[in-house]
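So the chains spell out like this:
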There are 2 protein chains.
Amino acid sequence: MSDPRFSKDQISLFIARALETAGMPPNDAGTVADLMAEADLNGADGHGIFRLQSYIRRIQEGGINLFPNIHVEQEKSGMALVNGDNAQGHLVMKYCAERAIQKAKKSGVAWVGAHHSNHAGPAKLYAKLPLAHDMIGLYVAVGNANHLPPWGGTAMLLSTNPIAVAVPALEEPAVVLDMATTVAAYGKVKTAAQQGQEMPVGWMITKDGEPLVDPTRADEGFLLPIGGPKGSGLSLVFGLLAGVLNGAAFGRDVVDFNADFQTATNTGQFIVAIDIAAFGDANSFKRRVDDAIRAIKSSPTLPGFEEVLLPGENSFRKREDYQVNGIPLSNALHEGLDNLAENLGIKKISY
Amino acid sequence: MSDPRFSKDQISLFIARALETAGMPPNDAGTVADLMAEADLNGADGHGIFRLQSYIRRIQEGGINLFPNIHVEQEKSGMALVNGDNAQGHLVMKYCAERAIQKAKKSGVAWVGAHHSNHAGPAKLYAKLPLAHDMIGLYVAVGNANHLPPWGGTAMLLSTNPIAVAVPALEEPAVVLDMATTVAAYGKVKTAAQQGQEMPVGWMITKDGEPLVDPTRADEGFLLPIGGPKGSGLSLVFGLLAGVLNGAAFGRDVVDFNADFQTATNTGQFIVAIDIAAFGDANSFKRRVDDAIRAIKSSPTLPGFEEVLLPGENSFRKREDYQVNGIPLSNALHEGLDNLAENLGIKKISY
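Reading guide: rules and limits
Residues numbered from 1 in each chain as written. Chains lettered and ligands numbered in written order. Predicted model: local features only at pLDDT ≥ 70, side-chain atom pairs only at ≥ 80, totals over all residues. Least-squares fit on C-alpha atoms with pLDDT ≥ 70 in both. Contact = placed C-beta atoms within 7 Å. Helix = DSSP H or I, 4+ residues; strand = E, 2+ residues; numbered from the N terminus. Nonpolar A, V, L, I, M, F, W, Y, C, P; charged D, E, K, R; others polar. Pairing = 2+ DSSP bridges. Buried ≥ 20, exposed ≤ 12 C-beta atoms within 10 Å, placed from the backbone. Axes fitted to C-alpha atoms, helices over the stretch in contact; angles between N-to-C directions. Parallel < 35°, antiparallel > 145°, perpendicular 65-115°, else oblique.

Caption draft 1: Just the relation of the copies chain B and chain A, in detail. Here chain B sits on chain A after a turn of 180° about the axis and a move of 0.0 Å along it, with an RMSD of 0.0 Å. Within this description, the copies of the chain are treated as partners about a two-fold rotation axis. Closest approach to the rotation axis among the C-alpha atoms of chain B is made by Gly 78 of chain B, whose C-alpha sits 2.3 Å away. Mapped onto chain A, 100% of the interface residues of chain B again fall at the interface, so both copies present the same surface.

Given below as structure tokens:
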């Protein structure tokens, strides 16, 4: 039986209903719901409505400030530091992205960091916001749980700290890289556990350094960074830039948002908006990106590959499909959402 | 027999002599020589005096502009685009780094890109320049030869496009990440070939996707990116940011500087300077970086590891050693430099 499908509007309306019922002001609930449904539409299925139950729980346990004063704390022409006042992360990062875009129109490049923020969904959601302004977007976040040690160690001090970069093209879809600094994101481990599957060697190791392939034992080991010390180093410097520089949590201070729904996470993120017109003609830039994309797409393939995929291409195709045919939600997720609706006393997603 | 060692001054003076004799104006020769010797002092032994012979050859064959007009072509408060006028890359990137630092004092964060530049040595050399100003440095370059295809393909369209990030600490050495987006840098392949050693599985594959372990057959295969599609995606977006955005070479336009010593390479790089004081108190930031470093250093180790190393720590230790005991140059390199001295009619490095 294939998974039931829902329109972006159905998903967005349900999320807004749930957040509003949990106490979030309607405008904010609508903004968060739209960004979460947009994540689902882009195929970021571990970062959209999938997260609703845990977001609601954090709100109910007092872990989120429902009436925040998100504001600029420090500012110069090329940067700003935003205090998210422990708001839902989507609200903070939308504010930061808009500020970065607005500033970059004058300064050419603008870097906006945040502290006292929270989980904001998939990185690409915010890296893509500058695209509509003929800008390149770059986003980095400190993950909300430490799933790996520094390379060679066993103390859980690092997270999968993701990076997303979105670069506009002219006729081709934008290049949108969105990646964790680990071989596998932790969400993939959870999915493998749910589906009763083994993990490939290389995703995780035990504290003794042995391969760990049983995802139900994930707590006994840790994720492996890409390229060993390189991915570990990227995770560290991203953590210093998105966390420590902004006065946000890093290392031992990171609050595990899967275990603690009450303590403010003080999540750190930053977004950079780069106005292409500051460097030269935006259209000729985008034409050269088209050229690069086409050269890559026309590369002969390695044995075992049907085609060469650009970063973001899979997500783009899912979006095209989901816009027409709806967004698939797994039966388990659908059931969970029905239970959530019942607990909140709201209409189910199907209605 | 252990390798002969030379002081940084001996190396720098020899390089300056050679560059000047090849026609570079004395001031510029001194600047390039100092940066190259600094690379050697930091243990970046594939990027210091090791490159002198090929730099001299490029100068002799007319591939470098010895009397360049390095200048800002576009500028806003948060960015600049510098035209390197086909100068030796070290001169261009020093100019860019200084401009970025100067601008960041006002704007908080400044992004300076370059085109019509050339190979500039190790990435960390420039990422570290902002440190003395209590700034974070970030540097990305398009590599000067394509050594890998996009993930899943076989067309050589990407380079190892490196990134370096330098973050100052208070009492601890700065965190200095300097990494290629491939499992192994191409220089390591060359070294393995020189030493008659096999490469580990995972560094390279053949065009049929089979492991390639014979470094003398490197031309028949390509480097593997870290984390498969992730490293490939990083190399691509770094290439778009450092190359295409600056109007510099990328993809098919990249001139292989190991094969062609005459065509201008139009190398693209960028550097970002981040003034910590714009975000908050610089000293408390650096103290928190100390804390992060110490937490990492005190992590228990995995079996097989004697200690946890921070990015840049090996390089820092080499620097401490080399400052006292001199910088080791391999006998093969020493011999090559003696031949170069003879050809140029200058005093050998030992004198």
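Caption draft 2: Spotlight on the interface of chain B and chain A. Contacts between chain B and chain A engage 62 residues on the former and 62 residues on the latter. Elements that contribute at least two residues to the side of chain B that touches chain A include exactly β2 (71–76), β3 (79–83), β4 (109–117), β6 (163–167), β7 (175–179), α7 (229–242) and α8 (282–297) of chain B. Partitioned by chemical class, the residues of the side of chain B that touches chain A number 37 nonpolar, 20 polar and five charged.

Caption draft 3: Local environment of the sheet that holds strand β10 (residues 221–223) of chain A. All names here are of chain A. If you walk across this open sheet you meet the three strands as β9-β8-β10, and the pairing is antiparallel. Looking along the sheet, the strands with just one partner apiece sit at the ends: β9 (211–212) and β10. The sheet contact formed by strand β8 (residues 204–206) and β9 spans two bridges and is antiparallel. Along β9, the bridge assignment pairs Ile 205 with Pro 211.

Caption draft 4: Inspection of the pairing of β3 of chain B at higher detail. Residue and element names in this part refer to chain B. Among the five residues that make up β3, five are buried, leaving the element largely enclosed by the rest of the structure. Here β2 pairs with β3 via five bridges, running antiparallel. Across the sheet, the residue bridging to His 71 is Asn 83, located in β3. In this structure, the hairpin formed by β2 and β3 is closed by a connection of two residues. As judged from the five bridges shared by β3 and β4, these two strands associate in the parallel manner.

Caption draft 5: Just the packing of helix α2 (residues 26–41) of chain A against helix α4 (residues 89–107) of chain A, in detail. Residues and elements named next belong to chain A. Between α2 and α4, whose axes approach to 9 Å, the crossing angle comes to 85°. Between α2 and α4, the angle falls in the class roughly perpendicular. Together, Asp 28, Thr 31, Val 32 and Leu 35 of α2 and His 90, Leu 91 and Lys 94 of α4 make up the contact between the two elements. Across the contact of α2 with α4, the residue classes tally to three nonpolar, two polar and two charged.

Caption draft 6: The arrangement of unusual backbone geometry in detail. All names here are of chain A. Phi at Asp 85 takes a positive value of approximately 50°, unusual for a residue other than glycine. With respect to the helices, strands and loops of the structure, Asp 85 is situated in the loop between β3 (79–83) and α4. By C-beta crowding, Asp 85 is classed as partly exposed, having 17 other C-beta atoms within 10 Å. Notably, Asn 86 is not glycine yet its phi reads approximately 60°, a positive angle.

Caption draft 7: Highlighting the sheet that holds β6 of chain B. Residues and elements named next belong to chain B. One open sheet accounts for seven strands, arranged β2-β3-β4-β11-β5-β6-β7; its pairing is mixed. Only two strands of the sheet have a single neighbouring strand rather than two, namely β2 and β7. Across the sheet, the mean angle separating the axes of adjacent strands is 10° when strand polarity is ignored. Strands β3, β4, β5 (135–141) and β11 (267–275) of the sheet are contacted by helix α4 (residues 89–107), whose axis makes an angle of about 160° with β4.

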